[in-house]
Amino acid sequence: MSLRTQCACSCMLQPYSASSSSITLSMRATPTHQRRARPPPPSCLATRHLRRRRAPAGINRVPNLGSAVSTKKAGMSKDTFINLDVSHHRAVAVVRLLRIEKGKAFVDLLNEKANDSGDKEIGYVQRTLGFSTRYLEDRDIRLVTVIVAGTVRWKRYLDYLIMSLCSEEKVFREMEPLLLQILRIGFFEILKLDVPAYAAVDENVRLAKVALRPGAGNMVNAILRKLVLLKETDSLPLPKIEGDDRAQARALSIIYSHPVWMVRRWIRFHGKDEALRLMNWNNSDPHFSLRVNTSKGYTRADLVKRLESLQVHYEESIMDEFVRIREGMQQVLKAGLLKDGICAVQDESAGLVVSVVDPQPGETIVDCCAAPGGKTLFMASRLSGEGKIWALDINKGRLRILMDAAKLHGLDDMITDIHADLRLYAKETTVKYDKVLLDAPCSGLGVLSKRADLRWNRQFENLEELMCLQDELLDSASMLVKPGGILIYSTCSIDPEENEERITAFVQRHPEFALQSVCGYVPREFITDEGFYSSNPTKHSMDGAFAARLVRSTH
Ligand SMILES: C[S@@+](CC[C@H](N)C(=O)[O-])C[C@H]1O[C@@H](n2cnc3c(N)ncnc32)[C@H](O)[C@@H]1O
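For clarity, every value in this text was computed on a predicted model and none was experimentally measured.

For the rest of this paragraph, the subject is the packing of aromatic side chains. Throughout the structure, instances matching the rule amount to 8 aromatic pairs. Between Phe322 and Phe378 the ring centres are 5.7 Å apart and the planes differ by 70 degrees, which places this aromatic pair in the edge-to-face class. Of this pair, Phe322 sits in strand E5 (residues 322-325) while Phe378 sits in helix H17 (residues 374-382); the two residues are 56 residues apart in sequence, bridging distant segments of the chain. With respect to burial, Phe322 and Phe378 carry one shared label: buried. Linked through ring pairs, Tyr489, Phe532 and Phe546 together constitute an aromatic cluster. The residue whose ring lies beneath Lys192 is Tyr157, and the NZ or CZ to ring-centre distance is 4.8 Å. The aromatic ring of Tyr521 is capped on one face by Arg549, whose charged end is 4.1 Å from the ring centroid.

Structural data, given as structure tokens:
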């Protein structure tokens, strides 16, 4: 958006501040006849009824619309009130954060405007907060993504500081959810985004006033100002790393904003230095990788050409079909590169699992936990039109996504879906396959940089349950391997108990299977001493993943 521009509601906007797309309307700036020239979009008009709407759970009261702009002045219909006095990206971000906290949304780091959920989000903001926002600009969408992902990642650290700055702990414990989210956003902007203090304070105070009440704005003002002062004098309160292991892990869990059990586990398995590196990696902004769809005849050079024409910076990858991008996903989405099946978003760590499978033309392969299908499609494209893949998954909706993607990539002829629980399917079928891939459900501890909310959704108990399931699924998958065939077990975890230990236990239960080194299938730096494939975020700058190749005896 240009610095001085016209919003969809025909009102002249003041310039953006460097750090914020917050807008304050200057009604004086545009003569009435000009403002009348363009009708408001439906989203604005649709707010007419909102003032009488009841606030949903989590929002304490109907918002104060005192600062709303009467659109009568702007040439709109009489009763329409549009609040254009808060920054849109913060309004959308705060609602998304509330929804994430209630488990009703995910932190989607890939921008969603392309599939219309950007518009849905705005509708939700309007219904929830009771004020209208215009359609989000690309820049706003990027800010929503940055703020939501960052605020979720740094939640523990931010809450520690917010609690320290409240007059008493009780004030923090009993804080209404919306107010807490606004404070988290303000703290994140000031501490991690380096948004100028005056802008972050002003904008979040305004948001609290509009979305809650003037008193809430005063409280946000007082706490954020305290924070600014502490930051300027370099005296932010932080826990000391001292005491026994547990106490140290607790302090680190606040400073690096991770659950205590994860910190303790990583220190135990990887040592303190590596644990700190891992947490730093998880807190950094992720890059994304794109895999070109060779099955439609595209090459990496074609993809690179398209990225160059979109002015999206890329880095080449160790894998022939991949490129990496740090920014520019919106341009990629808008240009239709995904929608047209030219490429797919896939991390190279997942691509290397396919290299471990090493699909060969003519083979029959069953992908036992296939959905949403990233590996299925890549395997199918490597079959060069000869061979067949069966994509099995317990989740029907995710299987549908897989088959839609297969159609988009021109691979549906080569893929057959099976909607089943692998444990039942393996007992019932007599069919055996050349290769069986079990990409098992796992903790996802290798992908925490891309899934900002995942660290808070995982408990230690989940790990124990997952390991039981992984053993059961391994036993079932092994029944589908033909004599002399190959079983590949993979996860997107870096946890030895979900990886190496599952394979050690499996080989003890199944002497008919022998471990085969992945040597020759993936580059040397990804091969462990035992012959497993392992990608490590801090070492390889990609997601963490694991795979083992097991060969079944011929009799
Ligand atoms: C890690 S995801 C698979 C990701 C997929 N391989 C890809 O690359 O896009 C694990 C999948 O296992 C499926 N799953 C979990 N339990 C299952 C079971 N008992 N039988 C079949 N599929 C199962 C889940 O529905 C989920 O889609």
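With that out of the way, let us pick up the pairing of E5. Neither face of E5 is exposed, since Phe322 and Arg324 on one face and Val323 and Ile325 on the opposite face are all buried. Across 4 bridges, strand E3 (residues 288-292) lies against E5 in antiparallel orientation. Note on E5: the bridge partner recorded for Phe288 is Ile325. The pairing of strand E4 (residues 315-316) with E5 spans 2 bridges and is antiparallel. Opposite Glu315, over in E5, you have Arg324 as the bridge partner. Linkage of E4 to E5, two consecutive antiparallel strands, is achieved through a turn of 5 residues.

A few words now on the pattern of salt bridges. Counted by the stated rule, this structure contains 28 salt bridges. A salt bridge links Arg268 to Glu497, with the shortest nitrogen-to-oxygen separation between them at 3.5 Å. With Arg268 in helix H12 (residues 260-270) and Glu497 in the loop between strand E11 (481-491) and helix H22 (500-509), this pair connects stretches of sequence that are 229 residues apart. Judged by relative accessible area, Glu497 falls into the buried class, the value being 16%. Here Asp434 ties to Lys482 by a salt bridge, and the two come within 2.6 Å at their closest N and O atoms. Here Asp434, found in strand E10 (residues 433-439), pairs with Lys482, found in strand E11; they are 48 residues apart in sequence, far enough to count as distant.

What follows concerns the UniProt feature "active site" (unreviewed entry) in the chain. Here the UniProt feature "active site" (unreviewed entry) sits at Cys492. Examined against the element boundaries, Cys492 turns out to sit in the loop between E11 and H22. Relative accessible area serves as the criterion here: at 30%, Cys492 is assigned to the partly exposed category. Setting aside anything within four residues of it in sequence, one finds Cys492 in contact with Cys442, Gly444, Leu445, Gly446, Val447, Gly544 and Ala545.

Our next topic: the nonpolar core. Counting residues in hydrophobic clusters, the biggest one holds 53 residues, and the most contacted among them are Ile162, Ile182, Leu183, Phe187, Ile190 and Val220. Of all the secondary structure elements, the ones that give two or more residues to this core are helix H3 (88-101), helix H5 (138-153), helix H6 (155-165), helix H8 (177-191), helix H9 (197-211) and helix H10 (214-232). Among the elements that line this core, the one with the most residues is H8, at 10 residues. With residues up to four places along the chain from it excluded, the contact list for Leu183 reads Ile162, Met175, Val220, Ile223 and Leu224. Judged by nonpolar contacts, the second largest core, of 33 residues, contains Phe322, Leu437, Ile486 and Ala545.

With that settled, the discussion passes to the site of the ligand. The full set close to the ligand counts 21 residues, and Cys369, Asp393, Asp421, Leu422 and Asp439 are the nearest of them. Gly373 has a polar backbone atom sitting 3.1 Å from an oxygen atom of the ligand. In the model, an oxygen atom of the ligand is placed 3.0 Å from a nitrogen or oxygen of the Gly374 main chain. When the free accessible area of the ligand is taken as 600 Å², the share hidden by the protein chains comes to 85%.

Before going further, it helps to examine the UniProt feature "binding site: S-adenosyl-L-methionine" (unreviewed entry) in the chain. The residues that UniProt annotates with the feature "binding site: S-adenosyl-L-methionine" (unreviewed entry) are Cys369, Ala370, Ala371, Pro372, Gly373, Gly374, Lys375, Asp393, Asp421 and Asp439. Looking at where Cys369 falls in the secondary structure, it is placed in the loop between strand E7 (364-367) and H17. A relative accessible area of 17% means that Cys369 is categorised as buried. Among the structural elements, Gly374 can be located in helix H17.

Read from one edge of the open sheet, 4 strands run E4-E5-E3-E6, paired in antiparallel fashion. In the strand order of this sheet, the two ends are held by E4 and strand E6 (343-345), each with one partner. Across the face of the sheet, helix H14 (residues 300-309) comes into contact with E3, E4, E5 and E6 while running at roughly 25 degrees to E5.

Tallying each qualifying case throughout the model produces 0 disulfides. Counting only cysteine sulfurs, Cys369 is the nearest neighbor of Cys368, a cysteine outside any disulfide, at a range of 6.5 Å. For Cys368, a relative accessible area of 1% puts it in the buried group.

What follows deals with helix H21 (residues 460-478). Between the first and last C-alpha of H21 there are 28 Å, a value that for 19 residues agrees with the 27 Å anticipated at 1.5 Å per step. Turning to H21, its buried residues number three or more, namely Asn462, Leu463, Leu466, Met467, Gln470, Asp471, Leu473, Leu474, Ser476, Ala477 and Ser478.

Thresholds applied
- Residues numbered from 1 in each chain as written.
- Predicted model: local features only at pLDDT ≥ 70, side-chain atom pairs only at ≥ 80, totals over all residues.
- Heavy atoms only, no water.
- Phe/Tyr/Trp six-rings, centres within 6.5 Å; stacked < 30°, edge-to-face > 60°.
- Helix = DSSP H or I, 4+ residues; strand = E, 2+ residues; numbered from the N terminus.
- Buried < 20%, exposed > 50% of the residue type's maximum accessible area, 1.4 Å probe, protein only.
- Lys NZ or Arg CZ within 6 Å of the ring centre and 35° of its normal.
- Pairing = 2+ DSSP bridges.
- Salt bridge = Lys/Arg side-chain N within 4 Å of Asp/Glu carboxyl O.
- UniProt positions renumbered as here; feature names shortened; annotations may be inferred.
- Contact = heavy atoms within 4.5 Å.
- Core = buried A, V, L, I, M, F, W, Y, C linked by side-chain atoms within 4.5 Å.
- Near = heavy atom within 4 Å.
- Polar contact = N/O pair within 3.5 Å; in protein donor to acceptor, adjacent residues only side chain to side chain.
- Areas by Shrake-Rupley, 256 points an atom, 1.4 Å probe, with all protein chains shown as cover.
- Axes fitted to C-alpha atoms, helices over the stretch in contact; angles between N-to-C directions.
- Disulfide = S-S within 2.5 Å.
- Expected span 1.5 Å × (residues − 1).

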